[in-house]
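Coordinate analysis (summary)
Residues per chain are reported as follows:
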Amino acid sequence: MTEKATRLIQLTPTRQDVRIAWLAALAISLHILESAVPMPLPGIKPGLANIVTLFTLLRYGLSEAIWVSVIRVLAGSLIIGSFLTPTFFLSLAGMSASIGMLALFYHSPLKPGPIGYSLVAAQAHISGQFLTAYFLFIPHPGMWNLLPFLLSFAIVLGVLNGIITRSLLRRLQ
Amino acid sequence: MNRTDLIILGLSLALIVGLFIRTFHPHEDGAYAYIRSDGASVQRVDLHHDQIIRVKGPLGETVFEVNAGKIRFINSPCPNKICIHSGWHDAAGDFAACLPNRVTLEIKGSTSSYDSLSY
């Protein structure tokens with residue numbers, strides 16, 4: 001056999017690739033765990049997967065955080081079985097808005113801590129989802145009455161997730 | 001928590017307060033009310049024309065009062081009177097019902113839109 005025929009294409013994952021995969025796997029697990037927990041109001045979720053995104057952003061930088069978020073939404077929806085359903089588009093809209101705002105703050109001279117980033121992400125996430133839900137699925141004026149309540153929960157849960165992220169970063173230093 | 005975090009938290013809280021105020025003082029006044037009985041017969045009521053409206057339901061007569069752009073239930077033959085306790089309705093998108101008598105009230109603004117879409 002010639003040498004040419006036996007040659008294999010080898011993809012060697014870098015340390016960074018492996019790390020992104022691990023973090024994305026962790027985020028997906030939290031995402032699925034959450035989707036199984038019943039919540040008192042529709043549209044409200046603790047957003048535990050966001051902790052992984054924040055942790056990645058603050059420890060490894062923006063591009064890794066984007067990778068982890070995008071993989072989480074795509075692979076997470078494939079596992080739950082919601083790929084290309086309304087749920088998926090809501091999830092995608094929330095993630096895009098959230099990561100967009102995080103990127104904006106990351107490149108700004110303001111230097112928020114974990115709690116600031118978490119607050120920004122949580123509110124951007126719910127706002128992105130809300131606007132998508134309003135324009136694509138339920139364009140009823142009564143929907144706007146729900147927004148202040150959703151944002152109130154986003155602030156409370158955003159602070160909590162920020163505190164969790166902060167203690168996570170401290171412990172792993 | 002650093003200073004930026006505190007500023008973000010403060011602005012977020014201010015936004016919420018603003019939104020709550022806006023929500024409870026809706027500025028789009030309703031122009032019309034739609035009254036339905038048994039899910040079918042629709043009566044379109046102009047809210048700028050003061051009047052008393054009587055609608056027949058399975059239990060009897062439900063009475064509405066229209067006054068200066070707003071409308072309320074003033075009498076209905078139901079046991080709990082939840083419809084009457086819901087008070088005046090004037091904002092577009094408001095909805096109230098007397099379920100025992102199968103009468104519903106919906107306020108519409110000048111722009112009509114869909115309730116929901118499904119794909």
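Right above here is the structure, for reference.
Here is a short report on the structure shown in this document.

Attention shifts here to the overall build of chain B. Within chain B one finds two helices and seven strands. Put simply, chain B runs from its N terminus to its C terminus through helices and strands in the order α-β-β-β-β-β-α-β-β. Buried residues in chain B amount to 37% of all 119 residues. Counting only contacts in chain B whose residues sit at least 6 apart along the sequence, the fraction spanning at least 24 positions is 33%. Split by element, the accessible area of chain B, about 7200 Å² in all, is 56% carbon and sulfur.

All names here are of chain A. Where helix H3 (residues 49–60) contacts helix H5 (residues 86–106), the two axes come as close as 12 Å, and the packing angle between them is 25°. Considered as vectors, H3 and H5 are oriented roughly parallel to each other. The way H3 lies across H5 gives a crossing that is right-handed. Contacts between H3 and H5 involve Asn50, Thr53, Leu54 and Leu57 from the former and Ser98, Ile99, Leu102 and Tyr106 from the latter.

Turning our eyes to something else, we now look at the pattern of salt bridges. Pairing between side chains of opposite charge can happen when their charged atoms approach one another. All names here are of chain B. Per the stated rule, a full pass over the model turns up seven salt bridges over all chains. Note that Asp38 is salt-bridged to Arg102, the shortest N-O span being 3.0 Å. Residue Asp38 is found in the loop between strand S1 (32–37) and strand S2 (41–46), and its partner Arg102 is found in the loop between strand S6 (95–98) and strand S7 (103–108); the two are separated by 64 residues along the sequence. Two residues, Glu106 and Lys108, come together in a salt bridge whose shortest N-O distance is 3.8 Å. The buried category is assigned to Glu106, whose relative accessible area is 6%. Three or more residues are tied together by salt bridges with common partners; here these are Arg36, Glu106 and Lys108.

All names here are of chain B. Bridge count for strand S4 (residues 61–67) against strand S5 (residues 70–75) is five bridges, and the pairing is antiparallel. Of the residues in S5, the one forming a bridge with Asn67 is Lys70. As consecutive antiparallel partners, S4 and S5 are separated by two residues, and within that stretch Ala68 has a phi angle of approximately 50°, a positive value.

Once that is clear, we can look at the sheet that holds S7 of chain B. Residues and elements named next belong to chain B. The antiparallel open sheet is built from four strands, whose spatial order is S2-S1-S7-S6. Each edge of the open sheet carries a strand with a single partner, namely S2 and S6. Averaged over neighbouring strand pairs, the angle between their axes works out to 20° when direction is ignored. As judged from the six bridges shared by S1 and S2, these two strands associate in the antiparallel manner. Residue pairing across strands places Ser37 opposite Ser41, the latter belonging to S2.

Calculation rules
- The residue count restarts for each chain, going from 1 along the sequence in the order it is written.
- For this description, chains carry letters from A and ligands carry numbers from 1, given in the order in which they are written.
- It should be noted that, the model being predicted, local features are given only for residues of pLDDT at least 70 and side-chain atom pairs only at 80 or more, the latter also being counted only at that level, while totals for whole chains, interfaces and linings use all residues.
- Computation of side-chain values: all heavy atoms of the structure, hydrogens and water removed.
- Only DSSP runs of H or I with at least four residues qualify as helices, and only runs of E with at least two residues qualify as strands; both kinds are numbered from the N terminus onward.
- Three labels apply to residues, based on accessible area from a 1.4 Å probe with only protein chains included: buried if under 20% of the type maximum, exposed if over 50%, partly exposed otherwise in between.
- Note on contacts: a residue pair qualifies if any of its non-hydrogen atoms lie within 4.5 Å across the two residues.
- The Shrake-Rupley method, run with a 1.4 Å probe, gives the accessible areas here. Residue values count only the displayed protein chains as cover.
- Between N-to-C directions, angles cover 0 to 180 degrees, with each direction set by a line fitted to C-alpha atoms, over the stretch in contact for helices.
- Under this scheme an angle from 65 to 115 degrees is roughly perpendicular, one under 35 degrees roughly parallel, and one over 145 degrees roughly antiparallel; angles in between are oblique.
- Left-handed describes a crossing whose near helix is turned anticlockwise from the far helix through less than a right angle; right-handed describes the clockwise counterpart.
- The working definition used for a salt bridge is a side-chain nitrogen of Lys or Arg within 4 Å of a carboxyl oxygen of Asp or Glu.
- DSSP-based pairing: two strands are paired if at least 2 bridges between them are found.

Fair warning: the whole summary comes from geometry, so function is off the table for now.
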